[in-house]
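What the coordinates show
Chain residues, written in single-letter form:
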Amino acid sequence: MTSLKEICGGLPLHTLPENRGRKNGIPHAPVRTPNLTEHEEKLALKNSLRYFPPDLHPVLAPEFADELRHYGHIYMYRFCPQIEMRAYPIQEYPCQTIQAAAVMHMIMNNLDPAVAQFPQELVTYGGNGQVFSNWAQFWLVMHYLSQMTEDQTLVMYSGHPLGLFPSHMNAPRLVITNGMVIPNYSSREEYEKLFAMGVTMYGQMTAGSYCYIGPQGIVHGTVLTVLNAGRRYLGVENLAGKVFVTSGLGGMSGAQAKAAVIAGCVGIIAEVDEVALLKRYKQGWLMEITDSLDHCIVRLRKARKDKMALSLGYHGNVVDLWERLVDEFNKTGDLLVDLGSDQTSCHNPFNGGYYPVQLNFKEANQLMTSNTEAFKVLVQESLRRQVAAINKLSDQGMFFWDYGNAFLLEAQRARADVGKEGANKGEFRYPSYVQHIMGDIFSLGFGPFRWVCTSGNPEDLVVTDEVAKSVLEDAVLQEVNDSVKQQYRDNIHWIEEARRHNLVVGSQARILYSDQNGRVAIAVAINQGIAEGRIKGPVVLSRDHHDVSGTDSPYRETSNIYDGSALCADMAVQNFVGDAFRGATWVALHNGGGVGWGEVINGGFGLVLDGSTQAEERAKMMLSWDVSNGVARRCWSGNDNAYETICQAMDKDKKLKVTLPHKVVDDNILKQALLTLH
């Protein structure tokens, strides 16, 4: 078994590790089909061999070529370390700086088999969200981090460690970019080739920025989404007896079952992959599982009648489930579902993100690689069937929303009936959850703020939970509007429920939605707790890239921006740059994430709190910018919540001066002005 010291020693080249190939008994990424030319295959092989001295090339070249031909990518399975991959207590990492050790802690959490979707392929979630492109990069990064001092910065190019470069102690220790492809070449087809050649990488969001905390993050987001969907669509605060139907129990989507129970509704979640289904069941995230649609309907009816919270995993295709619900309505007149969504990985529909209803799981995986065009035809036919069933139930009063996974976008490309008359680009028959639910929350400055207790001690998480809860309870008593108070109360409830439901998978982490004031106050209070010794180790602050300021995505995070700028990425890029020089320990900027390659630019950060006054000042400055940037942009686009929120921020901080919009109060002026042009 390899030790942390050995991991930090660099690539094991003196005696090559045994090539054990793919491990049995764990999930693996679907085979990729990059369709490389002979020249491109040679380039992919040449690019992978440059990590190793020439005397090793005769041994490594044939096996790397075999990986490329069989799996569509060179993962370098030989170098998958024989270590228990998990987030070790920070003091166990052999490093010269606390910041570097914190990054190591986060990287190994992203690759923990209890956390990662396909750990041996370095995929954390979403089917293709890579931490690194290959295992050589993992070894080199850990080695560089062990050597790093406080006047060096590690530069990461799409998984590849370019090297340690001189900087200064207030600079980020790590700067990450993933998928920064020239826009004209940022297509799905080009990506498959570029990834296979080892020159770019899809980091999703928190996979490639090393900030994933397991499915807890999406549990919280889904809880808030479902609660607010009940308020908006059903007019209820209590979801007892209400039924939520969706799909996906793999990576992030695995959170839906737990979220349904915390929200108090009946959740029926379809999943085609039995391994993923059983993983969530064994973790206690699913209460029941079945492969029978008849049993699904019986349990649904009983739970609905008894108003009991239930999470039921259906091992089968969600299209079959939707069509059965239509049949039940046609036969009995009973509309058995109130709320619906989808969390298949539709950003990657033809390579394992979406499985067509016409085939079983094994057949689909075979066709996916043997005949990609035939597979694509079946996927699009399946999408049309799924949408047709959803439309029928929606016409009877069910409320459906797109979960920002590109479901409606891919359905549109499949010619499914998702169009909306007179719609702008990015609008469909059904809203995205940002347009109708989370967008207003973002505009208030609330988003997914998180922290990781790097000591690995569960008691530290208990202390930080109490710190955060106390901050939010104080915030409720302040002079804030009712919408803000509602968000604070929801998150106080969340902290209590998260602890009760034991949501920690991997590192000792917590997430909640907070605004600028709450984030800064929580950070200062946690930092003080470290200084006083109540918290036994450093704490990493972070957030999902899916946040107020972190992501420009016209089909998700910025889908409720209607001034024409939803296709522009200034906000996310400015956020990345601004976080870097305001105190972040590391920053990341990605192409892709959530809705797919070429559809989004997003960024994130990590900030290490160590109890010092310098850490407190960095947190105050960086977290304030990290929220205000997005609120200011949303204000300029015409959002009333954001206007009010940024004005309050300016009142509090006189150094903050934001350009405010003047509204056109009479649309007739526009019509009359344009008439003069014709």
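The rules behind these values
Residues numbered from 1 in each chain as written. Predicted model: local features only at pLDDT ≥ 70, side-chain atom pairs only at ≥ 80, totals over all residues. Heavy atoms only, no water. Helix = DSSP H or I, 4+ residues; strand = E, 2+ residues; numbered from the N terminus. Rg over C-alpha atoms; globule rule 2.2 N^0.38 Å. Buried < 20%, exposed > 50% of the residue type's maximum accessible area, 1.4 Å probe, protein only. Contact = heavy atoms within 4.5 Å. Areas by Shrake-Rupley, 256 points an atom, 1.4 Å probe, with all protein chains shown as cover. Lys, Arg positive; Asp, Glu negative; His and termini not counted. Charge placed at Lys NZ, Arg CZ, Asp CG, Glu CD. Pairing = 2+ DSSP bridges. Core = buried A, V, L, I, M, F, W, Y, C linked by side-chain atoms within 4.5 Å. Axes fitted to C-alpha atoms, helices over the stretch in contact; angles between N-to-C directions. Phe/Tyr/Trp six-rings, centres within 6.5 Å; stacked < 30°, edge-to-face > 60°. UniProt positions renumbered as here; feature names shortened; annotations may be inferred. Patch = residues over 30% accessible without salt bridge, like charges linked within 9 Å, V, L, I, M, F, W, Y side chains within 5 Å. Salt bridge = Lys/Arg side-chain N within 4 Å of Asp/Glu carboxyl O. Polar contact = N/O pair within 3.5 Å; in protein donor to acceptor, adjacent residues only side chain to side chain.

1. Brief notes about the overall build of the chain
Within the chain one finds 23 helices and 17 strands. Relative to the 2.2 N^0.38 estimate, which gives 26 Å for 678 residues, the radius of gyration of the chain is 24 Å and therefore close to what a compact globule would have. Dimensions along the principal axes, computed over C-alpha positions, put the chain at roughly 70 × 65 × 60 Å. The buried share of the chain, taken over its 678 residues, is 61%. For the chain, the share of sequence-separated contacts (at least 6 apart) that also reach a separation of at least 24 residues comes to 71%. With the model as given, the accessible surface of the chain reaches about 26300 Å², and the carbon-plus-sulfur share is 52%. Looking at charge distribution, the chain has the averaged site of its 62 positive side-chain charges lying 1 Å from that of its 74 negative ones.

2. Points about the pairing of strand β6 (residues 243-247)
Counting buried positions over the 5 residues of β6 gives 5, a clear majority of the element. What you see with β6 is no split at all: V243, V245 and S247 on one side and F244 and T246 on the other are buried throughout. Direction of pairing for β6 relative to strand β7 (residues 266-271): parallel, over a ladder of 5 bridges. Across the sheet, the residue bridging to V243 is V266, located in β7.

3. Some details on the nonpolar core
Core analysis: the largest hydrophobic core is formed by 150 residues, its most contacted members being F138, Y210, W451 and W494. Excluding its chain neighbours within four sequence positions, the residues that come into contact with W494 are Q216, V219, H220, V223, I262, L503, R510, I511 and L512. Core analysis: the second largest hydrophobic core is formed by 53 residues, L335, V387, A414 and V418 among them.

4. As for helix α16 (residues 433-443)
Burial analysis of α16 places 9 of its 11 residues in the buried class, which makes it a mostly covered element. All of the buried residues in α16 are Y433, V434, Q435, I437, M438, G439, I441, F442 and S443. Contacts made by the buried residues of α16 are with α7 (216-234), β12 (447-453), α18 (482-500), β13 (508-514), α21 (613-636) and α22 (640-652). In the stretch just after α16, G445 is the one whose phi turns positive, near 95 degrees.

5. Brief notes about the sheet that holds strand β11 (residues 399-400)
Overall, parallel pairing links the 6 strands, which are arranged β8-β9-β7-β6-β10-β11 in an open sheet. Since the sheet does not close on itself, it has two edges, and those belong to β8 (288-290) and β11, each with one partner. Where helix α11 (residues 318-332) meets the sheet, it contacts β6, β7, β9 (310-315), β10 (339-340) and β11, and its direction lies at approximately 150 degrees from that of β6.

6. Observations concerning the packing of aromatic side chains
Throughout the structure, instances matching the rule amount to 23 aromatic pairs. Arranged with centres 5.9 Å apart and planes meeting at 50 degrees, the rings of F52 and F64 form a pair that is tilted. Here F52 is found in the loop between α2 (38-49) and α3 (57-71), whereas its partner F64 is found in helix α3, with 12 residues between them in sequence. Each member of the pair, F52 as well as F64, is classed as buried. With a centroid separation of 4.5 Å and 40 degrees between ring planes, the pair formed by Y191 and W597 is classed as tilted. Highlighted residues: Y191 in helix α6 (residues 188-196) and W597 in the loop between β16 (586-591) and β17 (601-609), separated in sequence by 406 residues. Of the residues examined, Y191 reaches a relative accessible area of 3% and is grouped as buried. Given the relative accessible area of 10%, W597 is considered buried. Members of the aromatic cluster, each reached through a chain of ring pairs, are F132, W135, F138 and Y210.

7. Quick look at the UniProt feature "domain: Urocanase N-terminal" (unreviewed entry) in the chain
When the UniProt feature table is mapped onto this chain, "domain: Urocanase N-terminal" (unreviewed entry) is found at residues 85-211. As a span, residues 85-211 carries 28% helix and 18% strand, and end to end its C-alpha atoms are 16 Å apart.

8. Quick look at a nonpolar patch on the surface
A surface patch of nonpolar side chains, about 290 Å² in accessible area, is lined by Y157, L162 and F165. Looking at the secondary structure, you find L162 in strand β4 (residues 160-166). L162 gets classed as partly exposed once you look at its relative accessible area, which sits at 37%.

9. A word on unusual backbone geometry
In this structure, Q204 is a non-glycine residue whose phi angle is positive, near 50 degrees. Locating Q204 in the fold gives a position in the loop between α6 and α7. Of note, N502 is a non-glycine position whose phi angle comes to about 50 degrees, a positive value. Summarising the element assignment, N502 is placed in the loop between α18 and β13.

10. Brief notes about the environment of N365
Mapped onto the fold, N365 is located in helix α13 (residues 361-370). Among the polar contacts made by the side chain of N365, one reaches the side chain of Y355 at a distance of 2.8 Å.

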